[in-house]
Amino acid sequence: MKRPVSDALVFFGATGDLAYKMIFPALQSMIRHGHLDVPIIGVAKAGWGVEQLRQRAHDSLSEHGPVDDEAFAKLVSLLDYVDGDYAEPATFDELAARLKGAQHPLHYLAIPPSLFPVVVDELARSGCAKGARIVVEKPFGRDLASAQALNKTIHAVFAEEDVFRIDHYLGKEAVQGLFVFRFANRLFEPVWNREHVRSVQITMAEKFGVAGRGSLYDSLGAIRDVVQNHLLEVLALLTMDAPDSAGHTEIREKTAALLERVKPLSANAIVRGQFRGYLDEQGVKPRSNVETFAALHLEIDSERWRGVPFLIRTGKKLPVSCTEILVELRSPPIAEFENDTGDLVRLRLSPDLEIALTTQHKKPGEAMEAEPVEMSFVQRPDGVEMTAYERLLGDAMHGDPTLFAHQRAVEAAWTIVDGVLDMKTPVIVYEPDTWGPSQAEALAEPVGGWHDPEVQP
Ligand code: BG6
C-alpha cells in the first residue's frame, strides 16, 4: 500500500549541533534535488526568532554546505521556528498552530534521548501526533531496559510503521554497498563461514576528538555512541544469512537474527580507553571515566560463525580517520605456501569506498614460492550522490522503513553490550595519535594483531 508523503517537517533541537552539522545541509540538498517542498518548522529553547534560525542555517551551510543560493532561498521561505521549553504545553500548542492542519507531519527528535518521553507525550496531548511520523536519533535508549521503556512510550502514541529509528550508518552508500557485495556476488558466499574465515576485524578510527560535543559525548562514551549501533549494524550486514530478497522486512529479520546470536560481552573481552586531554574538553565531567576508545572481541554462536573471532575497535584521536573491515581467510591447501599475510578481503567504508583482495601469487624466480599481492577492484569516493541524512529524511517522509533500525535489532544490540556499560571495566588513558591503550593489543594477539588501516595524508 502506498503511504502518504509527510506534509510538514518538524525538527526538535533546531539550534543544536546535529542540526548545524547534518540537518540543514540535508534539507538544502533535498530542496536542490526537488525532494522537499513542505513547511519546515524548527523547535528549540534558545530565546530566538525565525531570523536567527535562518542565520544559523546560513552559518551551517557556509561551514558544511556549500550554500546553494537558489535552494537556500527556498529553504528560508519554508523555514519557521517555534521557541519554547519541551516541558511546556504552550510550546506544543504553538507548534500545532504553526502546522496549520498538516495531516501527516514528520517529527524529527534531534535532541538528547532523555527528552524523548516528554516530547512524545506533548505531541500526543497537543494533537500534533495525529497522522504523524516520528524520527528518533540513535542511541535508542541507554541500555536494554531503557530502550524497551522508550519503545513503550513511543508506541503508546505512534504505531511501529510510523516510528523511524535513525542510525545514519544505514543510510551510507558504503554500508549499503556491503549488502550488495555480500548478496549480489557468487564468489564470496561459499567461503563466508567458519570453515574458510579465520578472523574478522572492524576498525572505525577517528583522528578528531569529541569535536565540541563534550557534554553529549560524556553522557554516552564510545560503546553507546558507535558500537551499539553503527558497528553492530555493520557486523550484522557483514555476517547475516542471505535473505530471500532485498526487501526491508527480510533484511531486518536476518540482521536482527544475526545480532541475537552474538554472545553478550564479558568484561575480559573488552578494553576501554580514554585519550589524554579528554578531561579538559568543554562539557566533560572533571573525573569522567567515559571511554573514547573501545576494543572488543565478539563471538557469534551460529553454525556459520562459531569459533571465529570478531574484533571490533573504535576510538577518537587515533592516528587516522578510516572505517575498514578485514576478513582473513584460513591457511591455503598446501602448507608450504602459508605466510604471514594470508588471503584477505578488505572492505573500506570511509573515507573512500574500496574493496580489495589479497591473494597469493608466484614470486618471480626459480623457487616455487608464493607472495601476497593485493588487488583493489572498486575504489571511489564516498557519499558523492546523497548524504546519509538526506536519504534517510527523504525515506522517513515517504514512510519507507528499509534503512531504519528495527526495535528487535536495537534490543539485540543492547543485549550484547549491556553487561559492559557504565564503567564496569577500567578505563585506560592513551596518548592522542596512537592506536589506543596497549592492552588492546592483547585482544588481537590470537589473530596476529590488529590491522591498522593506512590512509594517504
Ligand atoms: C556519530 C557519532 O553517530 O557518528 C560520532 O555520534 C561519530 O561520534 C560519527 O563521529 C561518525 O559518522 P561519520 O558518518 O562521520 O563517519
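The structure this text deals with has already been given above.
Parameters at a glance
- Residues numbered from 1 in each chain as written.
- Predicted model: local features only at pLDDT ≥ 70, side-chain atom pairs only at ≥ 80, totals over all residues.
- Heavy atoms only, no water.
- Helix = DSSP H or I, 4+ residues; strand = E, 2+ residues; numbered from the N terminus.
- Rg over C-alpha atoms; globule rule 2.2 N^0.38 Å.
- Buried < 20%, exposed > 50% of the residue type's maximum accessible area, 1.4 Å probe, protein only.
- Contact = heavy atoms within 4.5 Å.
- Areas by Shrake-Rupley, 256 points an atom, 1.4 Å probe, with all protein chains shown as cover.
- Pairing = 2+ DSSP bridges.
- Axes fitted to C-alpha atoms, helices over the stretch in contact; angles between N-to-C directions.
- Right-handed = clockwise from strand over helix to strand, strands pointing away.
- Near = heavy atom within 4 Å.
- Polar contact = N/O pair within 3.5 Å; in protein donor to acceptor, adjacent residues only side chain to side chain.
- Salt bridge = Lys/Arg side-chain N within 4 Å of Asp/Glu carboxyl O.
- Parallel < 35°, antiparallel > 145°, perpendicular 65-115°, else oblique.
- Left-handed = near helix turned anticlockwise from the far one by under 90°.
- Nonpolar A, V, L, I, M, F, W, Y, C, P; charged D, E, K, R; others polar.
- Phe/Tyr/Trp six-rings, centres within 6.5 Å; stacked < 30°, edge-to-face > 60°.
- Lys NZ or Arg CZ within 6 Å of the ring centre and 35° of its normal.

Engineer: Describe the overall build of the protein chain, naming the residues involved and giving the relevant values.
Structural biologist: Helix and strand counts for the protein chain come out as 13 helices and 15 strands. A compact globule built from 457 residues would reach a C-alpha radius of gyration of about 23 Å, and the protein chain, at 23 Å, matches this within 12%. Across its three principal axes, the protein chain shows a C-alpha extent of roughly 80 × 50 × 40 Å. Buried residues in the protein chain amount to 51% of all 457 residues. Within the protein chain, contacts between residues separated by at least 24 positions form 76% of all contacts whose residues are at least 6 apart in sequence. Surface exposure of the protein chain reaches about 20100 Å², of which carbon and sulfur atoms provide 52%.

Engineer: Could you give an account of the environment of Glu206, naming the residues involved and the relevant values?
Structural biologist: Mapped onto the secondary structure, Glu206 falls in the loop between strand S7 (197–205) and helix H8 (214–218). Considering only alpha carbons, one finds Glu206 and Ala413, 207 residues apart in sequence, at a separation of 22 Å. Apart from residues lying up to four places away in sequence, Glu206 is in contact with Gly315, Lys316, Lys317, Leu318, Val320 and Ser321.

Engineer: How would you summarise the sheet that holds strand S5 (residues 133–137) if you had to cite specific residues and measurements?
Structural biologist: Sheet architecture is open: six strands sit in the order S3-S2-S1-S4-S5-S6, paired in parallel fashion. In this open sheet, the two strands that pair with only one neighbour each are strand S3 (79–83) and strand S6 (163–166). Strand after strand, the sheet turns through a mean of 20° between neighbouring axes, direction not considered. Taken together, the four bridges between strand S4 (residues 105–109) and S5 define a ladder with parallel strand orientation. Within the sheet, the bridge partner assigned to Tyr108 lies in S5 and is Val135. Contacts from helix H1 (residues 17–32) reach strand S1 (8–12), strand S2 (40–44), S3, S4 and S5 within the one sheet, and its direction differs from that of S1 by about 170°. The sheet strands contacting helix H2 (residues 50–64) are S2 and S3, and the helix crosses S3 at an angle near 120°.

Engineer: Tell me about the pairing of S5, residues and numbers included.
Structural biologist: With five of its five residues buried, S5 lies for the most part within the structure. Residues Arg133, Val135 and Glu137 point to one face of S5 and Ile134 and Val136 to the other, with burial holding for every one of them. In this fold, the crossover linking S4 to S5 by way of helix H5 (residues 116–126) has right-handed handedness. Taken together, S5, helix H6 (residues 144–155) and S6 constitute a β-α-β crossover, and its handedness is right-handed.

Engineer: Can you lay out the site of the ligand for me, pointing to particular residues and giving the numbers?
Structural biologist: The environment of the ligand is formed by Lys138, His168, Tyr169, Lys172, Met204, Glu206, Phe208, Arg213, Asp225, Val226, His230 and Lys316. One of the side-chain nitrogen or oxygen atoms of Lys138 is found 2.8 Å away from an oxygen atom of the ligand. Taking Arg213, its side chain carries an N or O atom lying 2.8 Å from an oxygen atom of the ligand. Protein coverage of the free-state accessible area of the ligand, which is 400 Å², stands at 77%. Ranked by the residues each element gives to the shell around the ligand, the list is headed by helix H9 (residues 222–239), at three residues.

Engineer: With reference to specific residues and values, describe the pattern of salt bridges.
Structural biologist: Enumeration over the complete set of coordinates arrives at 37 salt bridges. Asp85 is the salt-bridge partner of Lys45, the closest N and O atoms lying 3.4 Å from each other. Pair noted here: Lys45 is in the loop between S2 and H2 and Asp85 is in the loop between S3 and helix H4 (89–99), with a separation of 40 residues, a long-range link. Accessibility expressed as a relative area gives 29% for Asp85, which makes it partly exposed.

Engineer: Quick rundown of the packing of helix H7 (residues 173–183) against H9? Include the residues and the values.
Structural biologist: In a packed pair of helices, the relevant descriptors are the angle between the two axes and the axis-to-axis distance. Their axes nearest at 8 Å, the elements H7 and H9 cross at an angle of 15°. Taken as axis vectors, H7 and H9 run roughly parallel relative to one another. Relative to H9, the crossing made by H7 is right-handed. Note on element contacts: H9 touches H7 through Val234, Leu237, Leu238 and Thr239, opposite Val175, Leu178, Phe179 and Arg182. Classifying every residue of the contact of H7 with H9 gives six nonpolar, one polar and one charged.

Engineer: Kindly report on the packing of aromatic side chains, identifying the contributing residues and their values.
Structural biologist: With the rule as written, the count across this model stands at twelve aromatic pairs. Taking 4.6 Å as the distance between ring centres and 35° as the angle between the ring planes, the aromatic pair formed by Phe181 and Phe188 counts as tilted. For the pair Phe181 and Phe188, one class covers both residues: buried. Taken together, a centroid distance of 6.0 Å and an interplanar angle of 70° make the contact between Phe181 and Trp192 edge-to-face. One end of the pair, Phe181, is in helix H7; the other, Trp192, is in the loop between H7 and S7, with eleven residues separating them in the sequence. With respect to class, Phe181 is no different from Trp192; both count as buried. Put simply, the rings of Phe12, Tyr86 and Phe92 pair up and form one aromatic cluster. Here the guanidinium or amino end of Arg165 rests over the ring plane of Phe140, the centre of that ring lying 5.0 Å away. The positively charged end of Lys317 is found above the aromatic ring belonging to Phe275, 5.5 Å away from the centroid.

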